[in-house]
Amino acid sequence: MVVGAQWGDEGKGKVIDFYAAEADVVVRFNGGNNAGHTIMFGDLEFKFHLLPSGIVRKNVTAVMGNGMVIDPDVLLKEIAYLRSKGVSSFKLLISERAQVIMPYHPVVDGLEESLKGSLKAGTTGRGIGPAYSDKVARFGITMGDLLDEKLLAQKLGAAVAARQRLMAAYGRNEELQFQKMLKDHLKMGGQLKKYITNVSSFLNTAIREGKNILFEGAQGTLLDPDHGTYPYVTSSNAVAGAAAVGSGIGPRAIDWVIGVSKAYTTRVGEGPFPTELRDDIGEHIRKVGCEFGTTTGRPRRCGWLDMPALAHAVDVNGLDALAITKLDVLGGLRRIKMAVGYKHAGKRLGGFPSNIRVLGEAEPVYKEMDGWDALKTEKWTALAKEGYDALPDAALEYLAFIKGELGIPIELVSIGPSREATIDLRGMPGIR
Ligand code: IMP
């Protein structure tokens, strides 16, 4: 399974696509269209928010697990987008237990953000939080409900009555159109019916048959509501353990967990970010790394690599190995820093603090290393073909340092957007 080891946007799309070449099934298990995965397949670039990245591959079954929140309108548009790009025969399964993002969820998302003042997370505005809130508050609608008019009418009746009041209490007096919502959602259910199924049963059969299943995490460890920088997080678990719950398999079926980290750190939205660079170097990284959100287009905040945060990700995900992405982006910087700890109120902190005030005030303790030259994309791709040892010495030292600090191997290094610009270290001594 592949999870984000930072605040999302680690380049998981490319990494997942790389491993998807060997997979029979690719499963998404958390989040919804707050995610944004960009993948290059041949000459074509695909940007997905909801569909599992494996969908572009003929032999892969793409699965959307029960842990997801799905906006059926967005999903239908994404399926149409896929077809418009020439991918017409794909295998897609959607869990009947996945929750539906209803039209009132994005409205409530915005209203609740506006009540939070400086504690607002800067959400994507897609209704993710309210959809998960409704799930645990038992006001949710599932994808399976869209196929059952009676049940949908019953559940929607209760949900609309309650959410109408909630919106009014928040000062929004817009009447929710129950009949229209019912009609629209039954129609969309009909259009999606052929994909909606018991995903758990499908996956468990696939496991028994020895199929290769790849779990595609959305967002990242530090956006996880239990293990991240709460409340500046998303609303579904983004750590490895969530894959079992979010797809209906047992935890022991997951036998390898890869954490994806950029060679630096980025964050979109609000919240503490100790190694953030608000200077020319941060600007350089944003520009060279094209650090703008796939979903909202917002400029990403950029900073140095943060080892305490990554060590936390190793622990809470049980990471077996790392995939390091965008190493090329750091090219051209004379010196490179990485946080090896934090100081707060004159004292060195142990580990990654859960207290966001402390994290926000923490001063990183940096280690500095030499940088390496900026190279053209084609040059990096050529280096990838030559292999790991062809990387600039300073870059090799940087990677060795990360490995040493975290105590797990790096099995993939990405040095450009294309599939070719990837160094696969599997099979090397010490790596699976
Ligand atoms: P939400 O998931 O839309 O509720 O947003 C909550 C927080 O998570 C915000 O800070 C978002 O910017 C962030 N977020 C959600 N999805 C992603 C993602 O895929 N990549 C990076 N940040 C994300």
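Residues numbered from 1 in each chain as written. Predicted model: local features only at pLDDT ≥ 70, side-chain atom pairs only at ≥ 80, totals over all residues. Heavy atoms only, no water.

Here we look at the overall build of the protein chain
- When helices and strands are tallied, the protein chain shows 13 helices and 20 strands.
- Relative to a compact globule of 432 residues, whose C-alpha radius of gyration would be 22 Å, the protein chain shows 22 Å and is just as compact.
- Over its C-alpha atoms, taken along the principal directions, the protein chain stretches across nearly 65 × 50 × 40 Å.
- Taking all 432 residues of the protein chain together, 56% fall into the buried category.
- The long-range share in the protein chain, meaning contacts at least 24 apart out of those at least 6 apart in sequence, stands at 75%.
- Here the protein chain has roughly 18,400 Å² of accessible surface; of this, 50% comes from carbon and sulfur atoms. (Helix = DSSP H or I, 4+ residues; strand = E, 2+ residues; numbered from the N terminus. Rg over C-alpha atoms; globule rule 2.2 N^0.38 Å. Buried < 20%, exposed > 50% of the residue type's maximum accessible area, 1.4 Å probe, protein only. Contact = heavy atoms within 4.5 Å. Areas by Shrake-Rupley, 256 points an atom, 1.4 Å probe, with all protein chains shown as cover.)

Description of the site of the ligand
- The immediate surroundings of the ligand are formed by 16 residues, with Asp9, Asn34, Ala121, Thr124 and Thr234 found nearest.
- One of the side-chain nitrogen or oxygen atoms of Asp9 is found 3.1 Å away from a nitrogen atom of the ligand.
- Notes on the ligand: free accessible area 470 Å², of which the protein chains cover 96%.
- Across the shell around the ligand, the residue classes break down as seven nonpolar, seven polar and two charged. (Near = heavy atom within 4 Å. Polar contact = N/O pair within 3.5 Å; in protein donor to acceptor, adjacent residues only side chain to side chain. Nonpolar A, V, L, I, M, F, W, Y, C, P; charged D, E, K, R; others polar.)

Thoughts on the packing of helix α10 (residues 307-317) against helix α13 (residues 393-406)
- Two numbers describe how α10 lies on α13: the axes approach to 10 Å, and their chain directions differ by 55°. Taken as axis vectors, α10 and α13 run oblique relative to one another. When the axes of α10 and α13 are compared, the crossing they make is right-handed. Here Met307, Leu310, Ala311 and Val314 of α10 lie close against α13, whose contacting residues are Phe401, Ile402, Glu405 and Leu406.
- Of the residues belonging to the contact of α10 with α13, the class tally is seven nonpolar, no polar and one charged. (Axes fitted to C-alpha atoms, helices over the stretch in contact; angles between N-to-C directions. Parallel < 35°, antiparallel > 145°, perpendicular 65-115°, else oblique. Left-handed = near helix turned anticlockwise from the far one by under 90°.)

Considering the pattern of salt bridges
- Under the criterion given, the structure shown has 22 salt bridges.
- With a closest N to O distance of 2.8 Å, Lys155 and Asp145 form a salt bridge. A residue pair is termed long-range when its members are at least 10 positions apart, and Lys155 in helix α5 (residues 149-169) and Asp145 in the loop between α4 (128-136) and α5 qualify at ten residues.
- Lys155 sits in the partly exposed class, given a relative accessible area of 28%.
- Its relative accessible area of 4% is what places Asp145 among the buried residues.
- Across the salt bridge formed by Glu411 and Arg432, the nearest N and O atoms sit 2.9 Å from each other. Taken together, the positions of Glu411 in strand β19 (residues 410-414) and Arg432 in the segment after β20 (422-424) put the pair 21 residues apart, joining distant regions of the chain.
- With relative accessibility at 42%, the residue Arg432 sits in the partly exposed group.
- Because the salt bridges share partners, they merge into one network encompassing Asp9, Lys262, Glu291, Arg300 and Lys326. (Salt bridge = Lys/Arg side-chain N within 4 Å of Asp/Glu carboxyl O.)

Here we look at the side chain of Gln219
- For Gln219, the location among the structural elements is in the loop between β10 (213-216) and α8 (242-245).
- Within the structure, the side chain of Gln219 is placed 3.1 Å from the side chain of Asn34, a separation counted as a polar contact.
- Setting aside its immediate chain neighbours within four residues, Gln219 contacts Gly4, Gly8, Glu10, Lys12, Asn30, Gly31, Asn34, Ala35, Thr234, Ser236 and Ala238.

With respect to the environment of Phe90
- Within the secondary structure, Phe90 sits in the loop between α2 (72-84) and β7 (91-95).
- We classify Phe90 as buried; its relative accessible area is 12%.
- Excluding anything up to four places from it in sequence, Phe90 contacts Ile55, Ile79, Leu82, Arg83 and Tyr195.

A look at helix α1 (residues 12-20)
- The buried fraction of α1 amounts to nine of the nine residues, a majority that puts the element mostly inside the structure.
- Lys12, Gly13, Lys14, Val15, Ile16, Asp17, Phe18, Tyr19 and Ala20 are the residues of α1 that are buried.

What to know about the packing of aromatic side chains
- Inspection of every chain in the model, using the stated rule, returns eight aromatic pairs.
- When the ring of Tyr342 is compared with that of Phe352, the centres are 6.4 Å apart and the planes differ by 50°; the resulting orientation is tilted. A residue pair is termed long-range when its members are at least 10 positions apart, and Tyr342 in strand β16 (residues 335-344) and Phe352 in the loop between β17 (347-349) and α11 (356-361) qualify at ten residues.
- Here Phe352 falls in the buried class, since its relative accessible area comes to 14%. (Phe/Tyr/Trp six-rings, centres within 6.5 Å; stacked < 30°, edge-to-face > 60°.)

Focus on the packing of α2 against helix α6 (residues 178-192)
- At a minimum axis distance of 10 Å, the contact between α2 and α6 shows a crossing angle of 40°. Between α2 and α6, the angle is such that the two are oblique. Between α2 and α6 lies a crossing of left-handed hand. On the side of α2, the interface is formed by Pro72, Asp73, Leu75, Leu76 and Ile79, while α6 contributes His185, Met188, Gln191 and Leu192.
- Looking at side-chain class alone, the contact of α2 with α6 contains six nonpolar, two polar and one charged residues.

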